[in-house]
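Listed below are the residues making up each chain.
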Amino acid sequence: PLTNRDLLYGDELRESGKNNTALDAYLKASRTKLSPDEAEAAALRVSGQYLVLDKATRALSAVGAYHRRNGLDEASVSPQFGLLLAYGFGREGDINQSLAWFSRVNSQSAAMPSATGAARQGAKMLLSSVPSEKFEDLAAKWHADEFVNSLVGQERARRAAVGWVEPDPKSSRPFWAPYDG
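Residues numbered from 1 in each chain as written. Predicted model: local features only at pLDDT ≥ 70, side-chain atom pairs only at ≥ 80, totals over all residues. Heavy atoms only, no water.

Enquirer: Would you mind showing me how to read the overall build of the protein chain here?
Expert: The number of helices and strands found in the protein chain is 9 helices and 0 strands. By principal-axis analysis of the C-alpha atoms, the protein chain measures approximately 55 × 35 × 25 Å. Across the 181 residues in the protein chain, those meeting the buried criterion constitute 41%. Surface accessibility of the protein chain: about 10100 Å² in total, with carbon and sulfur atoms responsible for 52%. Considering the protein chain, the positive charge centre built from 22 side chains and the negative charge centre built from 22 side chains are found 4 Å apart. (Helix = DSSP H or I, 4+ residues; strand = E, 2+ residues; numbered from the N terminus. Buried < 20%, exposed > 50% of the residue type's maximum accessible area, 1.4 Å probe, protein only. Areas by Shrake-Rupley, 256 points an atom, 1.4 Å probe, with all protein chains shown as cover. Lys, Arg positive; Asp, Glu negative; His and termini not counted. Charge placed at Lys NZ, Arg CZ, Asp CG, Glu CD.)

In C-alpha coordinates:
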(Lines give C-alpha, C1' and ligand atoms only; values in the text may rest on other atoms or scores of the structure.)
Protein backbone atom coordinates (compact mmCIF):
# COMPACT_ATOMS: atom_id res chain seq x y z
CA PRO A 1 0.00 0.00 0.00
CA LEU A 2 1.04 3.57 -0.67
CA THR A 3 2.08 5.65 2.32
CA ASN A 4 3.64 8.71 0.67
CA ARG A 5 1.44 11.70 1.47
CA ASP A 6 2.03 13.44 -1.83
CA LEU A 7 1.02 10.36 -3.83
CA LEU A 8 -2.12 9.94 -1.75
CA TYR A 9 -2.93 13.64 -1.98
CA GLY A 10 -2.37 13.53 -5.73
CA ASP A 11 -4.83 10.64 -5.98
CA GLU A 12 -7.45 12.68 -4.10
CA LEU A 13 -6.87 15.65 -6.39
CA ARG A 14 -7.08 13.49 -9.50
CA GLU A 15 -10.34 11.93 -8.33
CA SER A 16 -11.81 15.40 -7.87
CA GLY A 17 -10.71 16.44 -11.38
CA LYS A 18 -7.87 18.73 -10.31
CA ASN A 19 -5.45 17.28 -12.82
CA ASN A 20 -2.76 19.98 -12.90
CA THR A 21 -2.55 20.07 -9.11
CA ALA A 22 -2.51 16.27 -8.98
CA LEU A 23 0.44 16.26 -11.37
CA ASP A 24 2.26 18.74 -9.13
CA ALA A 25 1.72 16.45 -6.13
CA TYR A 26 2.98 13.42 -8.06
CA LEU A 27 6.04 15.32 -9.26
CA LYS A 28 6.76 16.45 -5.71
CA ALA A 29 6.50 12.84 -4.50
CA SER A 30 8.80 11.62 -7.27
CA ARG A 31 11.55 13.97 -6.06
CA THR A 32 11.59 12.39 -2.60
CA LYS A 33 13.07 9.13 -1.34
CA LEU A 34 10.50 6.46 -2.19
CA SER A 35 10.35 2.70 -1.84
CA PRO A 36 10.69 0.85 -5.16
CA ASP A 37 6.92 0.24 -5.26
CA GLU A 38 6.14 3.88 -4.55
CA ALA A 39 8.72 5.06 -7.11
CA GLU A 40 6.96 2.92 -9.72
CA ALA A 41 3.56 4.22 -8.58
CA ALA A 42 4.83 7.80 -8.84
CA ALA A 43 6.20 7.23 -12.35
CA LEU A 44 2.92 5.65 -13.48
CA ARG A 45 0.93 8.51 -12.02
CA VAL A 46 3.17 11.25 -13.44
CA SER A 47 3.06 9.67 -16.91
CA GLY A 48 -0.68 9.11 -16.72
CA GLN A 49 -1.36 12.68 -15.62
CA TYR A 50 0.72 14.01 -18.49
CA LEU A 51 -1.52 12.02 -20.86
CA VAL A 52 -4.66 13.29 -19.12
CA LEU A 53 -3.34 16.81 -19.67
CA ASP A 54 -2.58 15.97 -23.34
CA LYS A 55 1.19 16.21 -22.91
CA ALA A 56 2.17 12.96 -24.59
CA THR A 57 5.82 13.87 -25.15
CA ARG A 58 6.27 14.46 -21.43
CA ALA A 59 4.44 11.23 -20.62
CA LEU A 60 6.79 9.27 -22.88
CA SER A 61 9.81 11.05 -21.36
CA ALA A 62 8.65 10.21 -17.84
CA VAL A 63 8.29 6.51 -18.69
CA GLY A 64 11.74 6.48 -20.29
CA ALA A 65 13.34 8.33 -17.38
CA TYR A 66 11.91 5.87 -14.85
CA HIS A 67 13.23 2.89 -16.80
CA ARG A 68 16.67 4.43 -17.32
CA ARG A 69 16.93 5.43 -13.66
CA ASN A 70 16.22 1.84 -12.65
CA GLY A 71 18.38 0.18 -15.30
CA LEU A 72 15.37 -1.43 -16.97
CA ASP A 73 15.31 -2.25 -20.65
CA GLU A 74 12.42 -2.58 -23.08
CA ALA A 75 11.85 -6.21 -22.11
CA SER A 76 11.20 -5.06 -18.53
CA VAL A 77 8.32 -2.76 -19.44
CA SER A 78 5.22 -3.78 -17.46
CA PRO A 79 1.74 -3.84 -19.02
CA GLN A 80 0.87 -0.64 -17.14
CA PHE A 81 3.82 1.26 -18.59
CA GLY A 82 3.21 -0.43 -21.96
CA LEU A 83 -0.29 1.05 -22.07
CA LEU A 84 1.09 4.50 -21.28
CA LEU A 85 3.61 4.11 -24.10
CA ALA A 86 0.89 2.91 -26.50
CA TYR A 87 -1.31 5.91 -25.76
CA GLY A 88 1.63 8.32 -25.78
CA PHE A 89 2.99 7.17 -29.13
CA GLY A 90 -0.51 7.12 -30.59
CA ARG A 91 -1.11 10.69 -29.48
CA GLU A 92 2.23 11.71 -30.97
CA GLY A 93 1.09 10.24 -34.31
CA ASP A 94 3.41 7.22 -34.29
CA ILE A 95 0.65 4.73 -35.10
CA ASN A 96 2.99 1.79 -35.72
CA GLN A 97 4.83 2.22 -32.42
CA SER A 98 1.50 2.61 -30.64
CA LEU A 99 0.09 -0.58 -32.18
CA ALA A 100 3.30 -2.42 -31.31
CA TRP A 101 2.85 -1.48 -27.65
CA PHE A 102 -0.86 -2.32 -27.62
CA SER A 103 -0.03 -5.71 -29.15
CA ARG A 104 2.74 -6.32 -26.67
CA VAL A 105 0.50 -5.46 -23.71
CA ASN A 106 -2.12 -7.84 -25.09
CA SER A 107 0.49 -10.62 -25.21
CA GLN A 108 1.40 -9.93 -21.57
CA SER A 109 -2.07 -10.95 -20.38
CA ALA A 110 -0.65 -13.51 -17.95
CA ALA A 111 1.15 -10.71 -16.09
CA MET A 112 -1.95 -8.53 -15.90
CA PRO A 113 -5.18 -10.07 -17.25
CA SER A 114 -7.09 -6.76 -17.20
CA ALA A 115 -4.53 -5.26 -19.56
CA THR A 116 -5.87 -7.31 -22.47
CA GLY A 117 -9.18 -5.46 -22.48
CA ALA A 118 -7.44 -2.13 -22.05
CA ALA A 119 -5.08 -2.87 -24.95
CA ARG A 120 -7.95 -4.01 -27.16
CA GLN A 121 -10.02 -0.90 -26.40
CA GLY A 122 -7.07 1.45 -26.91
CA ALA A 123 -6.06 -0.14 -30.21
CA LYS A 124 -9.68 -0.01 -31.44
CA MET A 125 -9.90 3.71 -30.66
CA LEU A 126 -6.54 4.30 -32.34
CA LEU A 127 -7.54 2.42 -35.50
CA SER A 128 -10.86 4.27 -35.67
CA SER A 129 -8.93 7.55 -35.80
CA VAL A 130 -6.75 6.56 -38.77
CA PRO A 131 -7.74 8.37 -41.99
CA SER A 132 -8.94 6.12 -44.83
CA GLU A 133 -6.00 6.94 -47.10
CA LYS A 134 -3.62 5.53 -44.49
CA PHE A 135 -5.78 2.69 -43.19
CA GLU A 136 -5.11 0.02 -45.83
CA ASP A 137 -1.34 0.58 -45.80
CA LEU A 138 -1.45 0.20 -42.03
CA ALA A 139 -3.61 -2.93 -42.35
CA ALA A 140 -1.13 -4.49 -44.79
CA LYS A 141 1.79 -3.75 -42.49
CA TRP A 142 0.07 -5.40 -39.50
CA HIS A 143 -1.56 -8.40 -41.22
CA ALA A 144 0.83 -10.87 -39.52
CA ASP A 145 0.02 -9.66 -36.01
CA GLU A 146 -3.02 -11.69 -34.91
CA PHE A 147 -4.14 -9.15 -32.31
CA VAL A 148 -3.91 -6.07 -34.54
CA ASN A 149 -5.18 -7.91 -37.63
CA SER A 150 -8.38 -8.95 -35.85
CA LEU A 151 -9.01 -5.36 -34.80
CA VAL A 152 -8.29 -4.14 -38.34
CA GLY A 153 -11.01 -6.54 -39.56
CA GLN A 154 -13.47 -5.12 -37.02
CA GLU A 155 -12.58 -1.58 -38.03
CA ARG A 156 -13.05 -2.44 -41.73
CA ALA A 157 -16.53 -3.77 -40.94
CA ARG A 158 -17.33 -0.64 -38.94
CA ARG A 159 -16.20 1.59 -41.80
CA ALA A 160 -18.32 -0.40 -44.29
CA ALA A 161 -21.48 0.11 -42.22
CA VAL A 162 -24.11 2.62 -43.26
CA GLY A 163 -23.65 5.91 -41.47
CA TRP A 164 -19.89 5.64 -40.88
CA VAL A 165 -18.25 9.07 -40.76
CA GLU A 166 -14.63 9.59 -41.78
CA PRO A 167 -12.39 10.71 -38.89
CA ASP A 168 -11.44 14.37 -39.15
CA PRO A 169 -7.75 14.42 -40.10
CA LYS A 170 -7.46 17.98 -38.77
CA SER A 171 -8.84 17.11 -35.35
CA SER A 172 -6.59 18.11 -32.48
CA ARG A 173 -8.38 15.79 -30.05
CA PRO A 174 -6.62 12.74 -28.63
CA PHE A 175 -7.70 9.51 -30.32
CA TRP A 176 -9.22 8.35 -27.04
CA ALA A 177 -11.43 11.43 -26.65
CA PRO A 178 -15.15 10.88 -27.27
CA TYR A 179 -16.19 11.61 -30.82
CA ASP A 180 -18.98 14.17 -31.04
CA GLY A 181 -18.98 14.82 -34.77
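Enquirer: Would you take a moment to explain unusual backbone geometry for this structure?
Expert: Of all residues except glycine, most have a negative phi; of all peptide bonds, most are trans. Unlike most non-glycine residues, aspartate 54 shows phi in positive territory, near 60°. Considering the arrangement of structural elements, one finds aspartate 54 in the loop between α3 (36-52) and α4 (56-69).

Enquirer: Help me out: how do you make sense of helix α9 (residues 146-160) in this one?
Expert: Since the α-helix advances by 3.6 residues per turn, residues separated by three or four positions end up pointing in the same direction. For α9, built from 15 residues, the straight-helix expectation of 21 Å at 1.5 Å per residue is met to within 8% by its first-to-last C-alpha distance of 21 Å. Listing the buried residues of α9 in full gives Phe147, Val148, Leu151, Val152, Glu155 and Arg159. Projected down its long axis, α9 carries its buried residues within an arc of 125°, all on one side. In α9, those exposed residues whose orientation departs by more than 90 degrees from the buried face are Glu146, Ala157 and Ala160. On its buried face, α9 sits against α6 (95-107), α7 (114-128) and α8 (132-141). Its side-chain oxygen at 3.1 Å from the backbone nitrogen of phenylalanine 147, aspartate 145 defines the N-terminal cap of α9. (Expected span 1.5 Å × (residues − 1). Arc of directions from axis to C-beta. Contact = heavy atoms within 4.5 Å. Polar contact = N/O pair within 3.5 Å; in protein donor to acceptor, adjacent residues only side chain to side chain.)

Enquirer: I'm lost on the packing of aromatic side chains in this one. Help?
Expert: Working definition: an aromatic ring pair is given by the centre-to-centre distance plus the angle between the planes. Applying the stated criterion to the full structure yields 5 aromatic pairs. Relative to tryptophan 176, the ring of tyrosine 87 has its centre 5.5 Å away and its plane inclined at 75°; by these criteria the two rings are edge-to-face. Of this pair, tyrosine 87 sits in helix α5 (residues 79-91) while tryptophan 176 sits in the segment after α9, placing them 89 residues apart in sequence. Judged by relative accessible area, which is 18%, tyrosine 87 ranks as buried. Here phenylalanine 175 and tryptophan 176 contribute two aromatic rings whose centre-to-centre distance is 5.1 Å and whose plane-to-plane angle is 80°, an arrangement assigned as edge-to-face. On the basis of relative accessibility, which here comes to 9%, the residue phenylalanine 175 falls in the buried class. A relative accessible area of 25% means that tryptophan 176 is categorised as partly exposed. Taken together through their ring pairs, the aromatic side chains of Tyr87, Phe102, Phe175 and Trp176 make up a single cluster. Arginine 159 extends its terminal NZ or CZ atom over the ring of phenylalanine 135, reaching a point 4.2 Å from the ring centre. (Phe/Tyr/Trp six-rings, centres within 6.5 Å; stacked < 30°, edge-to-face > 60°. Lys NZ or Arg CZ within 6 Å of the ring centre and 35° of its normal.)

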